[in-house]
Amino acid sequence: MGQGQSAEIKAGYLTAEELRVAASLLYNAYHDDLFFQQAFGRQGYGQKLRAALREELAELWQHKQKLVGFYEGDVLVAVACIVDKEYPQGESRYWYWRLKMALGTGWSPTRHWMEREDELKGMLPGDDYWLLQLIAVHPQHQNQGIGGQVLASLLQLLSESDSQGLAVFVSQPKHEQLFARKGFKSMEKVTLGDVTGQLMYFDAVDRDGVAQSG
């Protein structure tokens, strides 16, 4: 996600037919993510990552979570996946999700995934929150201000809900800066295995922290 000349984008919920394209965007975004590299290991890493993202998208879709697409014209240029308080996470995950994820990635990566969710949940200020589970901007559309527009759209969606806030885990300084500009505050330093990052939170009740757009 970057800064630069701003492109006009529109937001809308993903259709079932767009899940495959969304999975491809997420794969590109998370291929070099240190958490996934550590959790999935080197052997068959790409295949495991694809399987995990495909399964997670299918699960989110099945349970009517917020899968938001961002379009420049008719082209899907970004995607964001939000889960709410009703969606099971960590040790509360459905058994069939665990089975499908384990078949696609192995039990150890599945366990790492659940442990990360439990770790983050335990740091949040309450139970009524949204979690930005996955987010991606198409590589050819980065450095155009789209990242800022995506976050602005998500915060608008949040303002129209009853949720108290939006949380996200970030492990790259440039992403931390982008979220901070939109009013997210660092809550706690998080270490997941060998990966260190920040749990950031936008408080929808106290909106004084909303910062400039960009």
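Presented here is an overview of the structure given in this document. (Residues numbered from 1 in each chain as written. Predicted model: local features only at pLDDT ≥ 70, side-chain atom pairs only at ≥ 80, totals over all residues. Heavy atoms only, no water.)

### Some words on the sheet that holds strand β4 (residues 130-137)
For the record, the criterion: By this definition, two strands are paired if DSSP reports at least two bridges between them. Numbering of helices and strands starts at the N terminus; helices are DSSP runs of H or I of at least 4 residues and strands are runs of E of at least 2. Comment: axis = line fitted to C-alpha atoms, over the contacting stretch for helices; angle = value between 0 and 180 degrees taken between N-to-C directions. Throughout, a contact is declared for two residues whenever any of their heavy atoms are within 4.5 Å.
Taken in spatial order, the 7 strands of this open sheet run β1-β2-β3-β4-β5-β7-β6, and their pairing is mixed. Each edge of the sheet is formed by a strand with only one pairing partner; in this case those strands are β1 (10-13) and β6 (185-192). Averaged over neighbouring strand pairs, the angle between their axes works out to 30° when direction is ignored. Note: strand β3 (residues 75-83) against β4, 6 bridges, orientation antiparallel. Residue pairing for β4: Cys81 is matched across the bridge by Leu134. Packing of helix α6 (residues 146-159) onto the sheet brings it into contact with β1, β2 (66-72), β3, β4, β5 (165-170) and β7 (195-203), and relative to β4 it is tilted by some 155°.

### Section: the pattern of salt bridges
For clarity, the threshold we go by: The working definition used for a salt bridge is a side-chain nitrogen of Lys or Arg within 4 Å of a carboxyl oxygen of Asp or Glu. Think of it in three bands: residues with accessible area under 20% of the maximum for their type are buried, residues over 50% are exposed, and the middle band is partly exposed, with areas taken using a 1.4 Å probe on protein chains only.
Throughout the structure, instances matching the rule amount to 5 salt bridges. With its nearest N and O atoms 2.9 Å apart, the salt bridge here joins Arg93 to Glu56. Placement of Arg93 in the loop between β3 and α4 (95-105) and of Glu56 in helix α3 (residues 45-62) is noted, with a sequence separation of 37 residues between them. Just as Arg93 is buried, Glu56 falls in that class too. A salt bridge links Arg98 to Glu91; the nearest nitrogen and oxygen atoms lie 3.6 Å apart. Judged by its relative accessible area of 19%, Arg98 falls in the buried class. A single network of salt bridges, built from pairs that share partners, joins Glu56, Arg93 and Glu117.

### Regarding the packing of aromatic side chains
Operational definition: For Phe, Tyr and Trp, where Trp contributes only its six-membered ring, two rings pair if their centres lie within 6.5 Å, and the inter-plane angle classes them as stacked under 30 degrees, edge-to-face over 60, or tilted in between. Geometrically, a charge over a ring is one whose NZ (Lys) or CZ (Arg) sits within 6 Å of the ring centre while staying within 35 degrees of the ring normal.
Overall, the coordinates contain 10 aromatic pairs when judged by the stated rule. An aromatic cluster is present here, built from Tyr30, Phe35, Phe36, Phe40, Tyr45, Trp97 and Trp113 joined pairwise through their rings. In this structure, Arg93 packs its charged tip against the face of Trp97, placed 4.0 Å from the ring centre. A cation over a ring is seen here: Arg116 above Trp113, with NZ or CZ 6.0 Å from the ring centre.

### Points about the packing of α3 against α4
Operational definition: Geometric relationships in this document are graded by angle, where less than 35 degrees denotes roughly parallel, more than 145 denotes roughly antiparallel, 65 to 115 denotes roughly perpendicular, and other angles denote oblique. By definition, turning the near helix anticlockwise from the far helix through less than a right angle yields a left-handed crossing, and turning it clockwise yields a right-handed one. Ten residues, namely Ala, Val, Leu, Ile, Met, Phe, Trp, Tyr, Cys and Pro, are considered nonpolar, four, namely Asp, Glu, Lys and Arg, are considered charged, and the remaining ones, Gly among them, are considered polar.
Their axes nearest at 8 Å, the elements α3 and α4 cross at an angle of 160°. Between α3 and α4, the angle is such that the two are roughly antiparallel. Between α3 and α4 lies a crossing of right-handed hand. Here α3 contributes Lys48, Ala51, Ala52, Glu55, Glu56 and Glu59 to the contact with α4, which in turn contributes Tyr96, Trp97, Lys100, Met101, Gly104 and Thr105. The residue inventory of the contact of α3 with α4, partitioned by class, reads 5 nonpolar, 2 polar and 5 charged.

### Concerning unusual backbone geometry
What you tend to see is this: most non-glycine residues have negative phi, and most peptide bonds are trans. A positive phi is found at Lys64, a non-glycine position, where the angle reads about 55°. Looking at where Lys64 falls in the secondary structure, it is placed in the loop between α3 and β2. Its relative accessible area of 72% is what places Lys64 among the exposed residues.

### A few points about the nonpolar core
Threshold: By convention a nonpolar core is built from buried Ala, Val, Leu, Ile, Met, Phe, Trp, Tyr and Cys residues, the set being connected through side-chain atoms within 4.5 Å.
Counting residues in each nonpolar core, the largest one holds 70 residues, and the members touching the most others are Leu26, Leu132, Val150, Leu154 and Leu166. Broken down by element, the residue count for this core peaks at 8 residues, all from β3. For Leu154, the residues in contact, after removing those within four places along its chain, are Val68, Phe70, Ala80, Ile82, Trp130 and Leu132.

### Overview of the packing of α4 against helix α5 (residues 107-121)
At their nearest, the axes of α4 and α5 sit 7 Å apart, and the two run at 130° to each other. Viewed along their axes, α4 and α5 adopt a mutual orientation that is oblique. As α4 runs across α5, the sense of the crossing is right-handed. Contacts from Trp97, Arg98, Met101, Ala102 and Thr105 in α4 reach Trp107, Pro109, Thr110, Trp113 and Met114 in α5. Split into classes, the residues belonging to the contact of α4 with α5 amount to 7 nonpolar, 2 polar and 1 charged.

### Overview of α5
Where we set the bar: By this rule, a helix spans an expected 1.5 Å times one less than how many residues it contains. The arc in question is traced by the directions running from the helix axis to the C-beta atoms.
A rise of 1.5 Å per residue sets the reference length of α5, with its 15 residues, at 21 Å; its end C-alpha atoms lie 21 Å apart and thus fit the reference within 8%. Every buried residue of α5 is accounted for by Pro109, Thr110, Trp113, Met114, Arg116, Glu117 and Leu120. Each buried residue of α5 sits inside an arc of 155° when the element is viewed along its axis, so together they form one side.

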